[in-house]
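Observations on chain architecture
Chain by chain, the residues:
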Amino acid sequence: MYVANHFSMSEPEIHQVLGAGGAADLVTAHDHGLVATFLPFVFDPDAGPHGSLIAHVARNNRQWIDPVIGEAMVIVHGPEHYISPRWMPSFAAHGQVVPTWNYLTVHAYGRLVAHDDAAWTERAVRRLTTVHEQATGREPYSVDQVPADYIERQLRAIVGIEVQLTRVEAKAKMSQNKMPDDVAGVVDGLRTEVGGDRAGATADWMQENSLPAAQRRAALLEEVARTHRR
């Protein structure tokens with residue numbers, strides 16, 4: 001993935017995205033071609049030097065058993081949204097602004113390991129359930145609320161999988177390279193004109209990360225300009 005320097009992410013930022021949980025695309029290459037499955041996952045930062053992603057697939061999904069060529073890749077999707085030039089003061093000032101798409105994505109690469117083991121898979125299911133139930137904001141559901149024989153039957157139908165990470169590429173293309181007023185205008189446009197969870201998540205990330213980055217960039221450009229004027 002091409003990542004310009006001003007769109008790169010730090011390791012803590014990457015871990016924050018992975019640790020938030022959610023679902024992602026597991027992509028693998030095989031003799032018969034590429035295969036992709038959209039899966040909920042949890043991130044274990046302590047498993048190996050780069051951590052691991054834990055999930056499970058249906059037993060009938062041959063992605064877990066067919067030999068994989070090279071690395072597996074997990075594509076994690078973060079906040080994203082269309083960005084209108086109308087939201088930026090620069091457009092009103094000189095018109096030299098074009099539409100764009102802001103997004104955050106993490107590409108995690110590693111070794112795909114299948115755990116055809118009911119005990120391992122049950123631990124993975126419990127961990128997945130706990131993490132994602134926390135996001136509901138309600139009294140959490142527990143696997144222990146379900147009859148044990150039913151859980152046993154369900155576990156026979158799935159296989160635990162783990163992507164043991166070897167490298168991670170991440171990109172936050174979130175207007176960090178714009179002037180602060182333009183970033184603030186985009187944040188306001190997303191919140192007041194669009195609204196909703198997707199636009200709100202994009203605006204929140206930009207408010208917390210892009211606006212300070214744009215302010216630091218503007219200060220640096222001003223310092224360089226003052227130096228050249230001397």
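Refer to the preceding data block for the structure.
Here's what I pulled together on the structure shown here. (Residues numbered from 1 in each chain as written. Predicted model: local features only at pLDDT ≥ 70, side-chain atom pairs only at ≥ 80, totals over all residues. Heavy atoms only, no water.)

Across all of its chains, the model carries 1 aromatic pair by this definition. Above the face of the Tyr-109 ring, Arg-167 is positioned so that its terminal group lies 3.8 Å from the ring centre. (Phe/Tyr/Trp six-rings, centres within 6.5 Å; stacked < 30°, edge-to-face > 60°. Lys NZ or Arg CZ within 6 Å of the ring centre and 35° of its normal.)

Moving on, we come to the pattern of salt bridges. Across all of its chains, the model carries 12 salt bridges by this definition. One salt bridge in this structure joins Asp-66 and Arg-62, with 2.9 Å as the shortest N-O distance. Taking the relative accessible area as the measure of exposure, Asp-66 reaches 14% and is therefore buried. Where Glu-169 meets Arg-167, a salt bridge forms, and the shortest distance between an N and an O atom there is 3.5 Å. Taking relative accessible area as the criterion, Glu-169 reaches 23% and is therefore assigned partly exposed. Accessibility expressed as a relative area gives 35% for Arg-167, which makes it partly exposed. (Salt bridge = Lys/Arg side-chain N within 4 Å of Asp/Glu carboxyl O. Buried < 20%, exposed > 50% of the residue type's maximum accessible area, 1.4 Å probe, protein only.)

This next bit is on the nonpolar core. Counting 41 residues, the largest nonpolar core has Leu-26, Leu-53, Val-74, Val-76, Ile-161 and Leu-190 as the members making the most contacts within it. With residues near it in sequence (within four places) discarded, Leu-53 still touches Leu-18, Phe-41, Val-42, Phe-43, Val-74, Ala-108, Ile-161, Glu-162, Val-163 and Leu-165. Val-125, Val-146, Ile-151 and Ile-158 belong to the second largest nonpolar core, which has 6 residues in total. (Core = buried A, V, L, I, M, F, W, Y, C linked by side-chain atoms within 4.5 Å. Contact = heavy atoms within 4.5 Å.)

Further remarks concern helix H5 (residues 180-194). With 15 residues, H5 ought to run about 21 Å at 1.5 Å a step, and its terminal C-alpha atoms sit 20 Å apart, in line with that. Burial in H5 covers these residues: Pro-180, Asp-182, Val-183, Gly-185, Val-186, Val-187, Gly-189 and Leu-190. Downstream of H5 by a residue or two, Gly-195 has a phi angle that is positive, lying close to 70°. (Helix = DSSP H or I, 4+ residues; strand = E, 2+ residues; numbered from the N terminus. Expected span 1.5 Å × (residues − 1).)

This part takes up the environment of Tyr-82. Tracing the sequence through the fold places Tyr-82 in strand E4 (residues 72-83). C-alpha separation for the pair Tyr-82 and Thr-202, spaced 120 residues apart in sequence, amounts to 9.8 Å. Tyr-82 has contacts with Trp-87, Pro-99, Thr-100, Trp-101 and Leu-190, leaving out every residue within four places of it along the chain.

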